[in-house]
Amino acid sequence: MSDSICLVGRTNVGKSLLFNKLVQYKNSIVLNKHGVTRDVNEGKILFKDKYLHILDTAGISSSDEHFTKLAYDKTIHAIEKSSVILFVTSVDDGITSGDLEICSILRKFNKKIILAINKVDKQKSLLKKFEFLELGLNEIFEVSAKTNRGLEKLVVRLFEICSSSLHKHTRL
């Protein structure tokens, strides 16, 4: 049995696009709109004949709408059953009070947290990435789900810290 990784972050930071890129197929709906993902999507990251389970969540929002409460509960459940948390933020926004709040919530789970600063493909945002040091996380990856920048390094690291299962090829 392999470990699982849970993608968590605010809405619209690119969690679902990152999930699609990591599993190498379009499984999660990606729109430039808040609150599109409401359920937990599951997939596998394949790398060198091994795989890890990955969970794409709706994320954590401070809104108190009914569906947001359900999405929040599903996100918390996904975090509880995962071994590693991939905390996704957006360099476009810089660090926000929402990021600080989410990081505080994630620390309470006593799990390995890896920070993925997404959307680093945009030149104007390069200075903002240093703001994320305020979160105090040890492992930080600068990625662009849109252009694939930094994804290989992230995947290699995920496989280094997680126990993976052998991928069995099915023959027809």
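Here we summarise the structure given alongside this text. (Residues numbered from 1 in each chain as written. Predicted model: local features only at pLDDT ≥ 70, side-chain atom pairs only at ≥ 80, totals over all residues. Heavy atoms only, no water.)

## With respect to helix H3 (residues 97-107)
At 3.6 residues per turn, the α-helix brings residues three or four places apart onto the same side.
Moving on, step 1. All of the buried residues in H3 are Gly98, Asp99, Ile102, Cys103, Ile105 and Leu106. All buried residues of H3 fall inside an arc of 160° around its axis, so they share one side. (Buried < 20%, exposed > 50% of the residue type's maximum accessible area, 1.4 Å probe, protein only. Helix = DSSP H or I, 4+ residues; strand = E, 2+ residues; numbered from the N terminus. Arc of directions from axis to C-beta.)

## Observations concerning unusual backbone geometry
Moving on, step 1. Despite not being glycine, Asn110 shows a phi value in the positive range, around 55°.
Moving on, step 2. Structurally, Asn110 is set in the loop between H3 and strand E5 (112-118).
Moving on, step 3. Its identity as a non-glycine residue notwithstanding, Lys119 has a phi of 70°, on the positive side.
Moving on, step 4. One can find Lys119 in the loop between E5 and strand E6 (139-142).
Moving on, step 5. Using a relative accessible area of 22% as the deciding quantity, one classes Lys119 as partly exposed.

## Focus: the side chain of Ser4
Moving on, step 1. One can find Ser4 in strand E1 (residues 4-9).
Moving on, step 2. Only 3.4 Å separates the side chain of Ser4 from the backbone oxygen of Lys81, close enough to count as a polar contact.
Moving on, step 3. Setting aside residues up to four positions removed in sequence, Ser4 forms contacts with His53, Leu55, Lys81, Ser82, Ser83 and Val84. (Polar contact = N/O pair within 3.5 Å; in protein donor to acceptor, adjacent residues only side chain to side chain. Contact = heavy atoms within 4.5 Å.)

## Examining the packing of aromatic side chains
Moving on, step 1. Taken as a whole and assessed by the stated rule, the structure comprises 1 aromatic pair.
Moving on, step 2. Seen in terms of ring centroids, Phe47 and Phe159 are 5.3 Å apart; in terms of plane orientation they differ by 45°. Their pairing is tilted. With Phe47 in strand E2 (residues 41-47) and Phe159 in helix H4 (residues 151-161), this pair connects stretches of sequence that are 112 residues apart.
Moving on, step 3. Among the residues examined, Phe47 registers a relative accessible area of 23% and is labelled partly exposed.
Moving on, step 4. Between the NZ or CZ atom of Lys44 and the centre of the ring of Tyr51, over which it lies, the distance is 4.3 Å. (Phe/Tyr/Trp six-rings, centres within 6.5 Å; stacked < 30°, edge-to-face > 60°. Lys NZ or Arg CZ within 6 Å of the ring centre and 35° of its normal.)

## Focus on the pairing of strand E4 (residues 84-90)
Moving on, step 1. Extensive coverage of E4 is indicated by the burial of 7 of its 7 residues.
Moving on, step 2. Pairing of E1 with E4, which is carried by 5 bridges, proceeds in the parallel orientation. For Gly9, the partnering residue across the bridge sits in E4 and is Val88.
Moving on, step 3. The pairing of E4 with E5 spans 7 bridges and is parallel. Across the sheet, residue Phe87 finds its bridge partner in E5, namely Leu115.
Moving on, step 4. At this point the chain moves from E4, through H3, to the parallel E5, and the crossover so formed is right-handed. (Pairing = 2+ DSSP bridges. Right-handed = clockwise from strand over helix to strand, strands pointing away.)

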